[in-house]
Amino acid sequence: FYPQGSARQYNAILASGNRVKLLQQVTTPTLVIHGADDPVVPVEAGRDTASLVPGARLEVVPGMGHDLPRPLLPRLAELIAGHARAAN
């Protein structure tokens, strides 16, 4: 738990500006992984990101917040490895 980190991350998000046009130009196979219980960035933001990247796949992980909890690491590794295997 590091409250200062959350504030810095939020400020970085605000400072980065609108990314819609850039996301729409992504041509790389894209997997968006988002925690269903993320208290910092709502799951709707992950859905929005996936909808903006052509052909992106969204995986919402139940029980995951804005962190990488050790018990979910095998599931996350499985998602990433599967995505990498499917790439041409």
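In case you missed it, the structure is sitting above this.
Residues numbered from 1 in each chain as written. Predicted model: local features only at pLDDT ≥ 70, side-chain atom pairs only at ≥ 80, totals over all residues. Heavy atoms only, no water.

Details of the nonpolar core
Counting residues in each nonpolar core, the largest one holds six residues, listed as Leu31, Val61, Met64, Leu72, Leu76 and Leu79. With residues near it in sequence (within four places) discarded, Met64 still touches Ile33, His34, Gly35, Ala36, Asp37, Asp38, Pro69, Leu72 and Leu76. (Core = buried A, V, L, I, M, F, W, Y, C linked by side-chain atoms within 4.5 Å. Buried < 20%, exposed > 50% of the residue type's maximum accessible area, 1.4 Å probe, protein only. Contact = heavy atoms within 4.5 Å.)

Things to note about helix 1 (residues 3-16)
For helix 1, which comprises 14 residues, the first-to-last C-alpha distance of 20 Å matches the rise-based estimate of 20 Å (1.5 Å per residue) to within 8%. At the C-terminal side of helix 1, Gly17 shows a positive phi close to 80°. (Helix = DSSP H or I, 4+ residues; strand = E, 2+ residues; numbered from the N terminus. Expected span 1.5 Å × (residues − 1).)

A closer look at the side chain of Asp38
Mapped onto the elements of the fold, Asp38 is located in the loop between strand 1 (31-35) and helix 3 (43-52). Here Asp38 occupies a buried position and makes no salt bridge, while the nearest side chain of opposite charge, Arg47, is found at 11 Å. One polar contact links the side chain of Asp38 to the main-chain amide nitrogen of Val40, over a distance of 2.7 Å. (Lys, Arg positive; Asp, Glu negative; His and termini not counted. Salt bridge = Lys/Arg side-chain N within 4 Å of Asp/Glu carboxyl O. Polar contact = N/O pair within 3.5 Å; in protein donor to acceptor, adjacent residues only side chain to side chain.)

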